[in-house]
Amino acid sequence: MTEWTVVEGRDKGSIVLYALSTCIHCKKTKELLNELGVAYKYIFVDLLPEDELNIFYAEMKKYNPAGSFPTMVINGDKVIVGSRLEEIREALNGD
């Protein structure tokens, strides 16, 4: 089974990013997370073998029924779809 890519940083809870390797919005979301210096994990769904792609895509659709990218899940309950950078910044800078 493919492993998530883990990015080290400040602990802001569980931050999971479902992304596509070719998606500019996914790239911008990852860049923001890196800029904020938070720990997160991500997976490029489009690079998975087909059997795993179906599993991860179905898992992501539990949070985002539209199945669009990027989909970020914070602490298993807050979902941010798309590169809504200000919303992401607000959600993660609430110190």
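What comes next is a walk through the structure. (Residues numbered from 1 in each chain as written. Predicted model: local features only at pLDDT ≥ 70, side-chain atom pairs only at ≥ 80, totals over all residues. Heavy atoms only, no water.)

Examining the packing of helix α1 (residues 24-36) against helix α3 (residues 85-92)
Put simply, α1 and α3 touch, their axes get as near as 11 Å, and they point 30° apart. When the axes of α1 and α3 are compared, the pair comes out roughly parallel. Helix-helix and strand crossings are classified by hand; for α1 and α3 the assignment is right-handed. In contact with K28, T29, L32, L33, E35 and L36 of α1, α3 contributes L85, I88, R89 and L92. Here the residues of the contact of α1 with α3 are counted per class, giving six nonpolar, one polar and three charged. (Axes fitted to C-alpha atoms, helices over the stretch in contact; angles between N-to-C directions. Helix = DSSP H or I, 4+ residues; strand = E, 2+ residues; numbered from the N terminus. Parallel < 35°, antiparallel > 145°, perpendicular 65-115°, else oblique. Left-handed = near helix turned anticlockwise from the far one by under 90°. Contact = heavy atoms within 4.5 Å. Nonpolar A, V, L, I, M, F, W, Y, C, P; charged D, E, K, R; others polar.)

Some points on the packing of aromatic side chains
A full pass over the atoms with the stated rule returns five aromatic pairs. Ring geometry for W4 against F56: centres 5.6 Å apart, planes inclined by 75°, an arrangement best described as edge-to-face. With a gap of 52 residues between them, W4 in the segment before β1 (5-7) and F56 in helix α2 (residues 50-63) connect regions that are remote in the sequence. Aromatic side chains Y40 and Y42 sit 6.0 Å apart centroid to centroid with 35° between the ring planes, which places their arrangement in the tilted category. Accessibility assignment for this pair places Y40 and Y42 in one class, buried. One cation-aromatic arrangement involves K30 over Y42; the distance from NZ or CZ to the ring centre is 4.1 Å. (Phe/Tyr/Trp six-rings, centres within 6.5 Å; stacked < 30°, edge-to-face > 60°. Buried < 20%, exposed > 50% of the residue type's maximum accessible area, 1.4 Å probe, protein only. Lys NZ or Arg CZ within 6 Å of the ring centre and 35° of its normal.)

Notes on unusual backbone geometry
Of note, the bond from F69 into P70 is cis; its omega dihedral lies within 30 degrees of zero at -10°. With respect to the helices and strands, P70 occurs in the loop between α2 and β4 (71-74). Look at N75: it is not a glycine, yet its phi comes out positive at around 55°. Tracing the chain through its elements places N75 in the loop between β4 and β5 (78-81). By relative accessible area, N75 is classed as partly exposed at 47%.

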